[in-house]
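# Working through the structure, step by step
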Amino acid sequence: MRFLSRRLVMPNDLNFAGSLFGGRILEWIDEEAYIFASCQLGAKSLVTKHIGAITFETSAFQGDVVEFGLQVKSAGRTSLNITCVVRNKHTKQNICTADDIVFVHIDPETRQPTPHGKTKAELDEFNFEG
Ligand SMILES: CCCCCCCCCCCCCCCC(=O)SCCNC(=O)CCNC(=O)[C@H](O)C(C)(C)COP(=O)(O)OP(=O)(O)OC[C@H]1O[C@@H](n2cnc3c(N)ncnc32)[C@H](O)[C@@H]1OP(=O)(O)O
């Protein structure tokens, strides 16, 4: 798994208890996973179909730097299944794991699923630029 991106926890990212809001983490994961999937497939027309499992493991706080690890779990005909781990940049403690994040490649006109043309083996082999 490669950690490709970082964010700083700002005051407006906090919940009423003063820790990083779970909804904000999910928003970040959706966006980071979309960027990753889009780069892997070389395609913009992707929609989030499914997020299978979300586990919040430790809290993060204002001023923490969090980083996002992403990897392809599997590739289907029109879909890409991704795992994302959010961890504290300094302590390396996991904050959240989101598994089975499924994006579907769609035709921008019809908005129907359309093949993305990539296999897992191809993505594994040619993922140097992420
Ligand atoms: C201040 C606040 C600011 C907020 C600032 C926000 C900023 C955050 C920025 C975010 C930026 C990023 C953006 C992200 C992208 C979106 O968030 S997109 C928005 C949410 N998603 C949607 O609107 C999608 C709505 N769904 C659909 O349109 C239709 O379900 C779809 C995607 C066209 C698929 O239709 P379908 O009938 O399910 O198609 P079907 O052919 O049966 O299946 C297609 C593939 O999905 C797979 N699949 C189907 N169902 C499932 C399932 N339940 N589970 C797993 N796989 C499935 C199938 O196996 C198939 O895979 P392949 O075998 O072809 O590989």
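Described in the following lines is the structure provided in the data block. Source: prediction; values computed, not measured.

### Observations regarding the overall build of the protein
The helix and strand tally for the protein stands at two helices and five strands. Taken from the N to the C terminus, the helices and strands of the protein come in the order β-α-β-β-β-β-α. Taken against the 2.2 N^0.38 rule, which gives 14 Å for 130 residues, the C-alpha radius of gyration of the protein at 15 Å falls within 12% of a compact globule. For the protein, the spread of C-alpha atoms along the three principal axes comes to 45 × 30 × 20 Å.

### A closer look at the pairing of strand β5 (residues 94-105)
A large share of β5 lies buried, amounting to nine of its twelve residues. Pairing geometry for strand β2 (residues 46-56) and β5, over nine bridges, is antiparallel. Residue pairing across strands places Val47 opposite Val104, the latter belonging to β5. With eight bridges connecting them, strand β4 (residues 79-88) and β5 associate as antiparallel partners. Among the inter-strand pairings, Leu80 is bridged to a residue of β5, identified as Phe103.

### What to know about the site of the ligand
In the vicinity of the ligand lie 17 residues, with Thr48, Lys49, Arg77, Thr78 and Ser79 positioned nearest. One of the side-chain nitrogen or oxygen atoms of Lys49 is found 2.7 Å away from an oxygen atom of the ligand. Ser79 is positioned with one of its side-chain polar atoms (N or O) 2.6 Å from an oxygen atom of the ligand. Protein chains shield 47% of the accessible area of the ligand, which is 1400 Å² for the free molecule. For the shell around the ligand, the secondary structure elements donating two or more residues are α1 (22-41), β2 and β5. Classifying every residue of the shell around the ligand by side-chain character gives six nonpolar, five polar and six charged.

### Regarding the packing of aromatic side chains
Applying the stated criterion across every chain yields a total of two aromatic pairs. Here the aromatic rings of Trp28 and Phe68 are separated by 6.3 Å at their centres, their planes lie at 80 degrees, and the arrangement is edge-to-face. Pair noted here: Trp28 is in helix α1 and Phe68 is in strand β3 (residues 65-75), with a separation of 40 residues, a long-range link. Judged on exposure class, the residue Trp28 and its partner Phe68 are both buried. When the centroid spacing of 6.3 Å and the interplanar angle of 65 degrees are considered together, the rings of Tyr34 and Phe103 count as edge-to-face. Taken as a pair, Tyr34 in helix α1 and Phe103 in strand β5 lie far apart in primary sequence, 69 residues in all. Judged by its relative accessible area of 28%, Tyr34 falls in the partly exposed class. One residue, Arg87, lies across the ring of Phe3, its end atom 3.6 Å from the ring centre.

### Things to note about α1
Its 20 residues place the ends of α1 28 Å apart at the C-alpha level, agreeing with the 28 Å of an ideal helix rising 1.5 Å per residue. Of all the residues in α1, the buried ones are Ile25, Trp28, Ile29, Glu32, Ala33, Phe36, Ala37, Ser38, Gln40 and Leu41. Residues of α1 that are buried make contact with β1 (2-8), β2, β3, β4, β5 and α2 (120-125). Of the residues trailing α1, Gly42 is marked for its positive phi of about 65 degrees.

The rules behind the values
Residues numbered from 1 in each chain as written. Predicted model: local features only at pLDDT ≥ 70, side-chain atom pairs only at ≥ 80, totals over all residues. Heavy atoms only, no water. Helix = DSSP H or I, 4+ residues; strand = E, 2+ residues; numbered from the N terminus. Rg over C-alpha atoms; globule rule 2.2 N^0.38 Å. Buried < 20%, exposed > 50% of the residue type's maximum accessible area, 1.4 Å probe, protein only. Pairing = 2+ DSSP bridges. Near = heavy atom within 4 Å. Polar contact = N/O pair within 3.5 Å; in protein donor to acceptor, adjacent residues only side chain to side chain. Areas by Shrake-Rupley, 256 points an atom, 1.4 Å probe, with all protein chains shown as cover. Nonpolar A, V, L, I, M, F, W, Y, C, P; charged D, E, K, R; others polar. Phe/Tyr/Trp six-rings, centres within 6.5 Å; stacked < 30°, edge-to-face > 60°. Lys NZ or Arg CZ within 6 Å of the ring centre and 35° of its normal. Expected span 1.5 Å × (residues − 1). Contact = heavy atoms within 4.5 Å.

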